[in-house]
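# Descriptive analysis of the structure
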Amino acid sequence: MFNAASVSSSSFSSLSSFSFGDSPLPLPLSGYGWTAELAEQFAPLAEAGLVPARIVRVDRGQCDAVLADPETGEPRTVRLDTRPVGDADMINCPCTGDWAAVDLYAQPMAAVVALLPRSTAIIRKVAGKRSDGQVLAANVDTVLIAASLAADPDLGRIERFLALAWESGAEPLVVLTKADLVDDAEFIRADVEAIAPGVTVLVVSAETDEGMDVLRACTPGTTAVIGQSGVGKSTLTNALAGVEAMAVQEARSVDQKGRHTTTTRELVLLPGGGVLIDTPGLREVGLYGGEGVDLAFADIAELAEDCRFHDCGHHTEPGCAVQAALADGTLPQRRMDSYLKLQRENEWIASRSDARVAKARLNKWKAITKSMRAAGGPVKR
């Protein structure tokens, strides 16, 4: 990671004509989400001659980022090497949406040498049996969960996306797309609202512009679009951006299942303000622990407050308010089953994470012990 003491400020004298000290907001970057708070965090890095940039695309050890040109002050997209910080674990690697400190004069090419702390991050478990996390997008204000009305929405999958969104620290927003293809969109919205307490659910059509004005008003700042392939994420991105920023393909007419069109996470500037991060379709949405499940199932958490025992497991305990709601139909069994399934996933992730921490601690002490014994000194814990 970046060490300010190792960088000579004299190497960056040509940057002095574009000072960040005169204004807390470099105007070319303010449209990308740069704030006075970020400028304050960046101050020590700026003193070392580094420049701030927002990563708009990551691809195999390199990335594209937008920065303010040191000489003209105009926004410029540059290709950067991410390897100086890319050898860390997956969660700490540079990601679309990150704010980076850039050395424009690194050789053989300009490079990312540090990342500012993330305000939010959408993290999912990597595919397969591994328990590592993968960051889908960073520094996001709104997580737009797209689901198509062309086929019956999978409520369980939407609940999973909601847990992922809540866990990120951003605000979830559910958008039901392709409203022009159905006649019962409002009935479907009611079903989705029932499993998304406290979350805005919109019905839109990028083809007819239905609901798009409301959607634009709901997506200030940085919005990340997530969902399965074929639900219309890239079409939404193009409609909001006002240009063909992303390639699109039609879903299969037989079953409306999508085809992978977007292959990388890409940040797009919106004409009305703010930015949008389009993401590839997610076939597997593994959770990465935390409180997202409890927030996504806030209705069950509220019921649980009336249970007789504070540690009620909601199975056979007497006075269980959750079981009472299941019995009278207030709480659908499908939703309870979904909640328990996601809770089990969280418990598994937590156990694997604890195991990783314990193993790392053990390996650390083995190394210390070996070193001390080689030196002939005592080993203390």
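Residues numbered from 1 in each chain as written. Predicted model: local features only at pLDDT ≥ 70, side-chain atom pairs only at ≥ 80, totals over all residues. Heavy atoms only, no water.

## Some details on the overall build of the chain
Regarding its fold elements, the chain presents 11 helices and 13 strands. The buried share among the 381 residues of the chain stands at 45%. Pairs at least 24 residues apart make up 64% of the contacts formed inside the chain by residues separated by at least 6 positions. Surface summary for the chain: the accessible area is close to 19300 Å², and the carbon and sulfur share equals 51%. (Helix = DSSP H or I, 4+ residues; strand = E, 2+ residues; numbered from the N terminus. Buried < 20%, exposed > 50% of the residue type's maximum accessible area, 1.4 Å probe, protein only. Contact = heavy atoms within 4.5 Å. Areas by Shrake-Rupley, 256 points an atom, 1.4 Å probe, with all protein chains shown as cover.)

## Observations regarding the packing of aromatic side chains
One pass over the full model with this rule turns up 3 aromatic pairs. Where phenylalanine 297 meets tyrosine 339, the ring centres are 5.3 Å apart and the plane angle is 55°; that geometry is what we call tilted. Of this pair, phenylalanine 297 sits in the loop between helix H8 (292-296) and helix H9 (298-304) while tyrosine 339 is found in helix H11 (residues 333-375), placing the two residues 42 residues apart along the sequence. Like phenylalanine 297, the residue tyrosine 339 is buried in the burial classification. In this structure an aromatic cluster arises from ring pairing among Trp34, Phe42 and Trp99. (Phe/Tyr/Trp six-rings, centres within 6.5 Å; stacked < 30°, edge-to-face > 60°.)

## Comments concerning helix H2 (residues 36-47)
In this model H2 runs 16 Å from its N-terminal to its C-terminal C-alpha over 12 residues, within 8% of the 16 Å that 1.5 Å per residue would give. Those residues of H2 lying buried are Leu38, Phe42 and Leu45. Viewed end-on, H2 has its buried residues packed into an arc of 30°, placing them on one side of the element. Projecting away from the buried face of H2 at angles above 90 degrees are the exposed residues Glu37, Glu40 and Glu47. Where H2 is buried, its residues contact strand S1 (51-59) and strand S4 (99-103). Downstream of H2 by a residue or two, glycine 49 has a phi angle that is positive, lying close to 90°. (Expected span 1.5 Å × (residues − 1). Arc of directions from axis to C-beta.)

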